[in-house]
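Next come the chains, spelled out residue by residue.
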Amino acid sequence: MENELGRTINALPGLVWTARPDGAIDFVNRRWCDYTGLGASESIGEGWQAAVHPNDLGELLAQWQSILLSGKAGDMEARLRRHDGEHHWFVFRVSPMTDPSGQIVKWCGINFDVEGRWRAEEARRARWWLPSPTRESHFRSIADSIPALVSLKLPNGKDELVNSRTLEYFGKSLDELNAASLHDTVHPDDHARLLAVSKGPGLQAVDPYDLEVRAADSFDIEVRLRRADGIYRWHHVRAFPLRDPEGPIVFWYLLQTDIDDLKRAEAQLAGEKRLLEMVAAGDSLSDILDALCRFVEDTAGDCACSVLLVDPDGPTFRHGAGPSLPKDYNAVFDGKSIDPTFGPCSLAATVKTPVIASDVLTDARWSASPWPGMMAAIDMRSCWSTPVLSGDRKALGVFAVYRHEPESPSQLQRDLIEQVTHIASIAIEGAQRESALKRSEAFLKEAQRLSSTGGFSWNVATNEITWSDEVYRIFGLEPGGPLTPDVTDLRVHPGDLPFVYEKVNQARIDGKDFGFDYRLVMPDGSVKYLHTVFHRTEDSDGRFEFVGAIQDVTQRRRSEDALGELRTELTRVARITSLGALTASIAHEVNQPLSGILTNASTSLRMLAADPPNIDGARETARRTIRDANRAAEVITRLRALFAKKAATTEPVDLNDAAQEIIALSLSELQRNGVIVRTEFAGDLPPVTGDRVQLQQVILNLVLNASDAMSGLIDRSRQLTIRTDLGPDGSVRLAVQDTGIGFGTEHAGRLFDAFFTTKSGGMGIGLSVSNSIVENHQGRLWAEANDGPGATFLFSLPRRTEGETTQDEATVHRYAAPGENGATSNTVSTQ
Amino acid sequence: MMVKRSLVSVVDDDESVRESLPDLLRELGYEAEAFSSAEAFLASDALGRTRCLILDIAMPNMSGPELQRQLALRGETIPIVFITAQANEATRLRVLQQGAVECLLKPFSDTALMNALKTATRVN
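Residues numbered from 1 in each chain as written. Chains lettered and ligands numbered in written order. Predicted model: local features only at pLDDT ≥ 70, side-chain atom pairs only at ≥ 80, totals over all residues.

Visitor: Which residues make up the overall build of chain B, and what values go with them?
Guide: Scanning chain B from terminus to terminus reveals six helices and five strands. Start at the N end of chain B and walk to the C end: the helices and strands fall as β-α-β-α-α-β-α-β-α-β-α. Put simply, chain B has 124 residues, and 45% of those count as buried. Partitioning the intrachain contacts of chain B with sequence separation of at least 6 by distance along the chain shows that 58% fall at a separation of at least 24. (Helix = DSSP H or I, 4+ residues; strand = E, 2+ residues; numbered from the N terminus. Buried ≥ 20, exposed ≤ 12 C-beta atoms within 10 Å, placed from the backbone. Contact = placed C-beta atoms within 7 Å.)

Visitor: So what about the overall build of chain A? Which residues, and what values?
Guide: From N to C terminus, chain A includes 26 helices and 27 strands. Taken over 831 residues, chain A has a buried fraction of 29%. Here the analysis covers contacts within chain A between residues at least 6 apart in sequence; of these, 54% occur between residues at least 24 apart.

Visitor: Please give an account of unusual backbone geometry that cites residues and values.
Guide: A cis geometry characterises the amide bond from A:D611 onward to A:P612, with omega recorded as -5°. Here A:P612 lies in the loop between α21 (583-609) and α22 (615-642). Of note, the amide linkage connecting B:K106 to B:P107 takes the cis form, showing an omega dihedral of -5°. Topologically, B:P107 is positioned in the loop between β5 (102-105) and α6 (110-123). The backbone phi angle of A:N463 is positive, close to 60°, even though this residue is not glycine. Inspection of the secondary structure puts A:N463 in the loop between β16 (453-459) and β17 (464-467).

Visitor: Give me the environment of B:A38: which residues, what numbers.
Guide: Residues and elements named next belong to chain B. Inspection of the secondary structure puts A38 in helix α2 (residues 38-43). For the pair A38 and G64, spaced 26 residues apart in the sequence, the C-alpha separation amounts to 7.2 Å. Those residues in contact with A38 that sit more than four places away from it in its chain are V11, M59, M62, E66 and L67.

Visitor: Report on the nonpolar core, specifying residues and quantitative values.
Guide: One finds A:L289, A:L292, A:V307, A:A400, A:V420 and A:A424 to be the most contacted residues of the largest nonpolar core, which totals 50 residues. Sort the elements by how many residues they give to this core and helix α16 (residues 411-450) of chain A lands first, with eight residues. Beyond its immediate chain neighbours, meaning those up to four positions away, A:A424 contacts A:L289, A:L292, A:V307, A:V388, A:G397 and A:F399. Counting 34 residues, the second-largest nonpolar core is a separate cluster that includes B:L53, B:I54, B:I57 and B:L67. (Core = buried A, V, L, I, M, F, W, Y, C linked by C-beta atoms within 7 Å.)

Visitor: Pulling in residues and values, what's your account of the sheet that holds strand β15 (residues 395-403) of chain A?
Guide: Residues and elements named next belong to chain A. Across the sheet, five strands lie side by side as β12-β11-β15-β14-β13; this open sheet has antiparallel pairing. The strands lining the two open edges of the sheet, one partner per strand, are β12 (316-321) and β13 (355-357). On average, adjacent strands in this sheet sit at an angle of 25° to one another, irrespective of strand direction. Direction of pairing for strand β11 (residues 304-311) relative to β15: antiparallel, over a ladder of six bridges. Paired with A304 across the strands is Y402, a residue of β15. In the packing of helix α12 (residues 285-300) onto the sheet, contacts are made with β11, β12 and β15, and the angle to β11 comes to roughly 145°. Strands in contact with α16 are β11, β14 (382-389) and β15; relative to β15, the strand with the most contacts, it is inclined by about 140°. (Pairing = 2+ DSSP bridges. Axes fitted to C-alpha atoms, helices over the stretch in contact; angles between N-to-C directions.)

Visitor: Please set out the interface of chain B and chain A residue by residue, giving values where relevant.
Guide: On the side of chain A, 21 residues touch chain B, which itself brings 19 residues to the contact. Take the side of chain B that touches chain A: its biggest share by element is eight residues, from helix α1 (residues 15-27) of chain B. Each residue belonging to the side of chain B that touches chain A can be placed in one class, and the counts come to eight nonpolar, five polar and six charged. (Nonpolar A, V, L, I, M, F, W, Y, C, P; charged D, E, K, R; others polar.)

Visitor: Would you mind going over the sheet that holds strand β1 (residues 15-19) of chain A in detail, with residue names and values included?
Guide: Residues and elements named next belong to chain A. Spatially, β2-β1-β5-β4-β3 is the arrangement adopted by the five strands of the open sheet, whose pairing is antiparallel. Looking at the sheet topology across the chains shown, the edges are occupied by β2 (25-28) and β3 (74-81). Ignoring which end each strand starts from, the neighbouring axes of this sheet average 25° apart. Relative to β2, β1 runs antiparallel, the two being bridged by three bridges. Bridge pairing in β2 links W17 to V28.

Visitor: Before we move on, can you summarise the pairing of strand β26 (residues 780-785) of chain A with the specific residues and values?
Guide: Pairing geometry for β26(A) and strand β27 (residues 791-797) of chain A, over six bridges, is antiparallel. Its bridge partner being in β27(A), A:E784 is matched across the sheet by A:T792.

Visitor: Talk me through the environment of B:E31; I want residue IDs and the actual numbers.
Guide: Residues and elements named next belong to chain B. Mapping E31 onto the fold places it in strand β2 (residues 31-35). As for E31 and R51, which are separated by 20 residues in sequence, their C-alpha atoms are 9.7 Å apart. Those residues within four positions of E31 in sequence are excluded, and the remaining contacts are R5, S6, L7 and V8.

Visitor: I'd like a rundown of the pairing of strand β3 (residues 50-56) of chain B, residues and numbers included.
Guide: All names here are of chain B. In terms of burial, β3 is a largely internal element, six of the seven residues being buried. Pairing of strand β1 (residues 7-11) with β3, which is carried by five bridges, proceeds in the parallel orientation. Each bridged residue has a counterpart across the sheet, and for V8 the counterpart in β3 is C52. Both β3 and strand β4 (residues 80-84) contribute to a ladder of four bridges, which runs parallel. Bridging across to β4, I54 finds its partner in V81. Considered for its hand, the β-α-β crossover made up of β3, helix α4 (residues 64-73) and β4 is right-handed. (Right-handed = clockwise from strand over helix to strand, strands pointing away.)

Visitor: If you had to explain the packing of helix α11 (residues 260-281) of chain A against α16(A) to someone new, which residues and values would you point to?
Guide: All names here are of chain A. Where α11 meets α16, the axes come as close as 10 Å, and the angle between the chain directions of the two elements is 10°. What the angle tells us is that α11 and α16 run roughly parallel. Listed contacts from α16 to Q268, E272, L275, L276 and V279 of α11 are L416, Q419, I423, I426, A427 and G430. When its residues are assigned to classes, the contact of α11 with α16 shows seven nonpolar, three polar and one charged. (Parallel < 35°, antiparallel > 145°, perpendicular 65-115°, else oblique.)

Visitor: Explain the environment of A:V420 to me, using residue names and the numbers behind them.
Guide: Residue and element names in this part refer to chain A. Mapped onto the elements, V420 comes out in helix α16. In the structure, V420 is positioned 149 residues away from G271 in sequence and 9.8 Å away in space, judged by C-alpha atoms. Leave out the neighbours within four places in its chain, and V420 touches L292, F295, V296 and F399.

Visitor: Please provide a residue-by-residue account of the confidence of the model for chain B, values included.
Guide: Residues with a pLDDT of 70 or more make up 95% of chain B, whose mean pLDDT is 88. Reported confidences for the modelled complex are a pTM of 0.39 and an ipTM of 0.85. (pLDDT = per-residue confidence, 0-100.)

Visitor: Outline the confidence of the model for chain A, listing residues and values.
Guide: Looking at chain A, pLDDT values average 79 and 81% of them are 70 or higher. Note that residues 200-206 of chain A has pLDDT below 50 and, in this model, nine contacts with residues that lie over four places away or in other chains.

Visitor: Summarise the packing of α11(A) against α12(A); cite the residues concerned and give the values.
Guide: When two helices pack together, their arrangement is captured by the angle between the axes and the distance separating the axes. Residues and elements named next belong to chain A. Their axes nearest at 10 Å, the elements α11 and α12 cross at an angle of 175°. The pairing of α11 with α12 is recorded here as roughly antiparallel in orientation. On the side of α11, the interface is formed by A267, Q268, G271, L275, M278 and V279, while α12 contributes D287, I288, A291, L292, F295 and T299. For the contact of α11 with α12, the residue count by class is eight nonpolar, three polar and one charged.

Listed below in structure tokens is the structure:
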């Protein structure tokens, strides 16, 4: 029988062994020896332990000990080392053998290899299925170390085991937890979602973990779980089913991780992202700040927020946003000057650091201010004010959080506030930049309008043309209209069109900067003069493009024409006055040939009267007489041609105005000569009386002389200063100062003589004429050498007296009247 | 009888004067030479032989009165008859003060010229 039994035992599909009542092994079967590679004698006693995985041995021995003590059948689990060194999980199933008295005489054990997936599950199930104090403590030791809520639910939804964190979180014992409804643990708003995910469709179970009705496999969901203090915190719930080999679920593992901070951070990030999107989208500043306040109110909860803007001109506050504060309260700050003793916002804007008023009632800083009273009226106790600073640390505004309770901000709240004030600074700076840009665009538009200049672009590749509004206006078209060649060419003067085409085509080919003038004919027939410049550039795709400006120069043309006419008039007057001053010169021109005539005639007579008469000589001198007479006639004709049309007038003349006109007239010539013109006009210069045009002739003459005197300068700047002032005797003075070659002292006495000149091309008439004009205005013209280089020519005229209306016109008319008998312009050819 | 004729020099930038006046002077019994500028006269050998100088007042470069001063500075005592087409009393008085015999206003008659020359040669 022993052998028979031995064979049987050896044939069993497991590792079989027996032990004495005290647990010492006294038999192992062949399969044990085959599996472990240990001999039978090696295995008995405590030798078998060599085959147990060292990590499992302690637990195994403890379980073995408890089974021995209980005297009942039981399972144990451990990994056994195969002969080749590989470990497999085994279940050690042991049961006692008793004698008829019930005394245990032997323990029988059989070890199943439970390696492999379903066997492993079975093993795990078996482990949980048969909870023992050891297994429970095993669970606890692991589960309690997991930083999450861990629980093991039975198929009926009841908690079988939970870790201590779970009990702490809910503030309930295991029994209380099992007695609690879903309502007690999960946020009401999350019930429906939780049930939907944990149940099959259409099933209306109260408990989501009611496994009898659950259809789905493992699932996960985010729900708010109610903490012991009543606060809901977001948790990520992961549920895994544990099935027995046949399929039904025997347990649920639940791992519930607190993601509230993460969730909050995500929400904050999403909120900040939304705000930044508003900034990027160019939403109005008040919308952005409003959203910003609401975002903080939602995130931090139970507070009201406001943003005050700092207007640096005051400095005063401007209302930014305060959606949850009473309008009356917000209105107090709008336009209020910033006084740091008024309240925390004012102080924060001044010191540029956050100011926390955690309890308004006890804060001594505002004891003298009406602000605490205002806070009481809106039922607020604390106010946290944070300045919104620009990149260069200027206070752009203040963000404030108001709470009903006396409180200081938590670190989380401080972080949130720091983040939103940063966004607020981006938004405010963006808005300021935007408005500055709008302003400068408006300025540009205005400048274009004022200067009658429009901008345009012409993409040569696409032939696309854009015009600024001003160009449309110049062309007399409605802004924004289509720009086809029909439209752009419509108004061009027909005579200029071929020229414009040629210029544009040339530009298309050589792509060089260019400019030209052309004309438009407007619908009413008027002509506009345009000046345009093209500048080559590139568009964003690198294709060449012209940008440029079109200026309506019609007005300028007209002024230039008017100036030209004025200049011609002055020149004409100059000629008249020259003649007037040059009676002597005229006499010279006429008397010279007359002298010849007389002399020749005398000679001729004498030759004829001689004895014998010198006929040939007389004929020759008579011929010369005729020639000289013709010459005299020519002189008269030439002089007549210079005569002009009207008499001089007397009127009040403002020398400042008169000089200013002369500067305008001669500016182009002065600039051509490289002369820098400065004026030093007396502010309250009294008028003088005289002929404005004649006096301007004097000024022009002095200015042009000064310019000529500097024309050869290379070693110093050519500066011309025109100065007016009152002389010591009350006369009105005008001085023209140059930095030119000056005049030598040897010439000083002759400067104003007719025909005296130091200029190679000069007639020596100008100063003489000028002198005559000034003398006839009861004035004086003189010259002074400068301290430095150059000369100053000055004239002084008596100031116009009260009631003076006319002057001795004959005096003035002398210059315009060449005739002997006071003949005036009506006798003169008008050409 | 052969009388040696006195040399009268004419200095004037006007060509018609230089053409006509010497002929008249010769008709009046003088030797005559004409110069177009004061400088040309000063540079010529006529300076030492001239009994009388007929001198234009307004000329480019050296004017008549300047030549008058130059001659005085050199100790020359040639009598000078000024002629001018420009009726300027101040200039006339100035040159007469400086020792000129006469200042004739163009156009002048042959009688006025003869009288001036007579005075000039008498002075001499």
